[in-house]
Amino acid sequence: MNTAPAQRLDNSAATAPFDAERVRADFPILSRTVHDKPLTFLDSGASAQKPRQVIDAISRCYEAEYANIHRGVYELSAKATEAYEGARARVQRFVNARSPNEIVFTKGTTEAINLVATSWGGAFLGEGDEVVLSMLEHHANIVPWQLLRERTGIVLKVVPTDENGAFLLDAYEALVGPRTKLVALTHVSNVLGTVVPVAEVVRIARANGAKVLVDGAQGIVHQPVDVQALDVDFYCFSGHKLYGPSGIGVLYGKEALLAAMPPYQGGGDMIERVTFERTTFAPPPARFEAGTPPIAGTVGLHAAIDYVASFDPAAVAAHEHDLLAYATERLSALNSVRLYGTAPGKAAIVSFTMDDVHPHDIGTILDRAGVAVRVGHHCAQPLMDHFDIAGTVRASFGLYNTRADVDRLIDGLDEVREIFG
Amino acid sequence: MSELRELYQEVILDHGKSPRNFGKPPAVTGESHGHNPLCGDTITIYVDVANDVVTDIGFEGRGCAISMASASMMTEMLRGKSRDEVEAMFAEFHALVASTEPACEAGFETPDLDKLIVLAGVREFPMRVKCATLPWHTMKAALEGESEEITTE
């Protein structure tokens, strides 16, 4: 177990000034072409590309240290277990949890939210209890609560948003009341980039005795997260948006909450003692990790966190802010473009439509220019309904993007204009 | 011609921008809803069938240029056709946009279908084939009186 000084070293080591070109060299995929054009990857919000450091760590795991974890008495299993629990400890330090026992490995953000809805929600929420969501939510933070509503009769309340896509703190405060048991909000909107003021959200929730779950799928990528400083009860995120592998994610939960929660799935690794009459369950986090987990996935996640933490967060933020400002400026200069999501302080995600050209057609034309963007509803249909649109084109920026990527996007949009007249 | 120009030919852009037969016909004997959950596009096809002949057809919905053009051109083509003719056209259209065979060098059994050859460009864009076929699948369901929503998935 690492001690406190190591934690500071891990998370705040600004080893070098931020150099996007150097970052690009770490990502092998960025040197390939698409339709004979250089790849312009603007879809990190859906899933980020992987640096050599992550790819190598996964390869090393399979080449040299792979076996199933726990209970193996042989060397390789011990090594794999060490790597697996080492990854947990790395996540703990990354988000500043009090204990590694507060870190549960899941398939991703979606499974983490489902775990809380099923286990905590199933055990502690009942008819008439209120769960507060917002208009900004991804389907992954809507549907699990609807499923819970069908089973238990909870009531869902939705914090509205305005025409800028801002999170309306006053409206939120008005919705939270004595019946509110949980506030489940995204940290950063995956469509608009809106940043939800989690600290204020938590303060208001606490005043009403409600717990807080944060969907951090986008949030963990765009700023350092300190779960103790934020005082959230649950924080969920995925490895694959954080430059790590897919199939691995994290549920952070306060230890006392996790300890009170029943198992989510049954199987190996999550038990203490099994007989046909009765089974006793392991304490968290093992209680929530039934079956063989994605072992190499945790190794890759560890490497991804090391990679992300090697940059100065302020320099990364400045870089992303520059890209966002530049993209906003260039897109705003196009008469045909309408931007969605202009809340102050937003993350580096831009969503837009273009006159009457459907996002799908724009996406196809951009693809032929080597520009990868996401088009459609972005798993946020209620938000699309709010703006009364079928979908948007979304460009989301990562560590490796540069102003040249924005220029290629704009050139691609010129081509759209040319074809659609 | 580049693959993009092949896909977005003038006639497709025109139908996409000003779809024909957009709206619900005065008399309707069958209707069906189509949905592409990937992009959220929706379409409703209305048919008026008398003596096994499509006497009127119209559609509503929103979607990309390809799906709107495909729906528009389809409705122009199907008015006055018998169920059997529609069935044959459906099969030929499907082969046109989804098959890997050269695009109908031998011509079509249904002469009118020549007009739809402009949609063959979609073959080079596998992610977009469903945009072109959704209106046809939805139309078929409307003809057959199926109440379940048609999806591309």
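Residues numbered from 1 in each chain as written. Chains lettered and ligands numbered in written order. Predicted model: local features only at pLDDT ≥ 70, side-chain atom pairs only at ≥ 80, totals over all residues. Heavy atoms only, no water.

Let's shift gears to the overall build of chain B. The secondary structure content of chain B amounts to five helices and four strands. The secondary structure elements of chain B, listed N-terminal to C-terminal, are α-α-β-β-β-α-α-α-β. The C-alpha radius of gyration computed for chain B amounts to 14 Å, which stays within 12% of the reference 15 Å derived for 153 residues, consistent with globular compactness. Each principal axis of the C-alpha atoms in chain B carries an extent, and together these give about 45 × 35 × 25 Å. Sequence separation of at least 24 residues holds for 61% of the intrachain contacts in chain B that already meet a minimum separation of 6. Of the side-chain charges in chain B, 13 are positive and 26 negative, and the distance between the mean point of each set is 6 Å. (Helix = DSSP H or I, 4+ residues; strand = E, 2+ residues; numbered from the N terminus. Rg over C-alpha atoms; globule rule 2.2 N^0.38 Å. Contact = heavy atoms within 4.5 Å. Lys, Arg positive; Asp, Glu negative; His and termini not counted. Charge placed at Lys NZ, Arg CZ, Asp CG, Glu CD.)

With that settled, the discussion passes to the pattern of salt bridges. Residue and element names in this part refer to chain B. Counted according to the given criterion, the structure contains 27 salt bridges over all chains. Residue aspartate 56 pairs with arginine 79 through a salt bridge whose shortest N-O separation is 2.9 Å. Placement of aspartate 56 in strand β3 (residues 53-62) and of arginine 79 in the loop between α3 (65-78) and α4 (83-98) is noted, with a sequence separation of 23 residues between them. (Salt bridge = Lys/Arg side-chain N within 4 Å of Asp/Glu carboxyl O.)

Residues and elements named next belong to chain A. Under the domain assignment used here, chain A contains domain 1 (11-38 + 312-420) and domain 2 (55-309). Taken over C-alpha atoms, the centre of domain 1 sits 27 Å from the centre of domain 2. Every contact between the two is made by 34 residues of domain 1 and, on the other side, 31 residues of domain 2. For the pair domain 1 and domain 2, the summed buried surface comes to about 2,500 Å²; carbon and sulfur atoms form 59% of the total. The tally of links from domain 1 across to domain 2 stands at zero salt bridges. For the pair domain 1 and domain 2, the number of links is 14 residue pairs in polar contact (both at pLDDT 80 or more). Where the side of domain 1 that touches domain 2 is concerned, the elements lending two or more residues are α13 (313-332), β14 (349-354), α15 (381-387) and β17 (392-396). The dominant element in the side of domain 1 that touches domain 2, judged by the number of residues it contributes, is α15, at six residues. (Domains from an automatic or database assignment. Buried area = accessible area lost by both parts, 1.4 Å probe. Polar contact = N/O pair within 3.5 Å; in protein donor to acceptor, adjacent residues only side chain to side chain.)

Spacing of three or four residues puts side chains on the same side of an α-helix, whose turn is 3.6 residues. For helix α2 (residues 10-17) of chain B, every residue scored as buried is listed here: Ile12(B), Leu13(B), His15(B) and Gly16(B). Angular distribution of buried residues about the axis of α2(B) spans 165 degrees; they occupy a single face of the element. In α2(B), the exposed residues that point more than 90 degrees away from the buried face are Glu10(B) and Lys17(B). Close packing links the buried residues of α2(B) with α16 (403-420) of chain A together with α1 (3-7) and α3 of chain B. (Buried < 20%, exposed > 50% of the residue type's maximum accessible area, 1.4 Å probe, protein only. Arc of directions from axis to C-beta.)

Residue and element names in this part refer to chain A. With an omega of 5 degrees, the peptide bond between proline 284 and proline 285 qualifies as cis. Note that proline 285 resides in the loop between β12 (279-281) and α12 (295-309). In this model, aspartate 36 sits at a positive phi of 65 degrees, which is unusual for a non-glycine residue. Since its relative accessible area comes to 73%, aspartate 36 is described here as exposed. Positioned with a positive phi, aspartate 355 is a non-glycine residue whose angle comes to about 40 degrees. On the accessibility criterion, aspartate 355 (52% relative accessible area) is exposed.

Here the focus is the side chain of Asp215(A). Residue and element names in this part refer to chain A. Of note, aspartate 215 is situated in strand β8 (residues 211-215). For the buried aspartate 215, which has no salt bridge, the nearest side chain bearing the opposite charge is lysine 241, at an N-O separation of 8.1 Å. Beyond its immediate sequence surroundings of up to four residues, aspartate 215 is in contact with Thr109, Ile113, His138, Asn141, Leu185, Thr186, His187 and Cys236.

Residue and element names in this part refer to chain A. The buried count for strand β7 (residues 180-186) comes to six of seven residues, which makes it a mostly enclosed element. As paired strands, strand β5 (residues 130-134) and β7 are joined by three bridges and run parallel to one another. For valine 131, the partnering residue across the bridge sits in β7 and is leucine 182. With five bridges joining them, β7 and β8 adopt parallel strand pairing. Residue pairing across strands places threonine 186 opposite aspartate 215, the latter belonging to β8. Each parallel crossover has a hand, and for β7 linked through helix α8 (residues 198-207) to β8 it is right-handed. (Pairing = 2+ DSSP bridges. Right-handed = clockwise from strand over helix to strand, strands pointing away.)

Take the environment of Pro100(A) next. Along the chain, Pro100(A) falls in the loop between α4 (75-95) and β4 (103-106). A C-alpha to C-alpha distance of 36 Å links Pro100(A) and Pro160(A), two positions 60 residues apart in sequence.

Residues and elements named next belong to chain B. An order of β3-β2-β1-β4 is seen for the four strands of this open sheet, with the pairing classed as mixed. Of all strands in the sheet, those with a lone pairing partner are β3 and β4 (150-151), marking the two edges. The pairing of strand β2 (residues 41-50) with β3 spans nine bridges and is antiparallel. Within the sheet, the bridge partner assigned to threonine 44 lies in β3 and is glutamate 60. Across the sheet, α3 touches β2 and β3, and the angle it forms with β3 is around 165 degrees. (Axes fitted to C-alpha atoms, helices over the stretch in contact; angles between N-to-C directions.)

Residues and elements named next belong to chain A. With four of five residues buried, β8 is to be regarded as a mostly interior element. Pairing between β8 and strand β9 (residues 234-238): three bridges, direction parallel. Bridging across to β9, valine 214 finds its partner in tyrosine 235.

Residue and element names in this part refer to chain A. Spatially, β4-β10-β9-β8-β7-β5-β6 is the arrangement adopted by the seven strands of the open sheet, whose pairing is mixed. Two strands close off the open sheet at either side, each with one partner strand: β4 and β6 (155-159). Going across the sheet, the axis of each strand differs from the next one's by a mean of 20 degrees, ignoring polarity. Contacts between α4 and the sheet are confined to β4, β9 and β10 (249-253), with β4 contributing the most and set at about 115 degrees to the helix.

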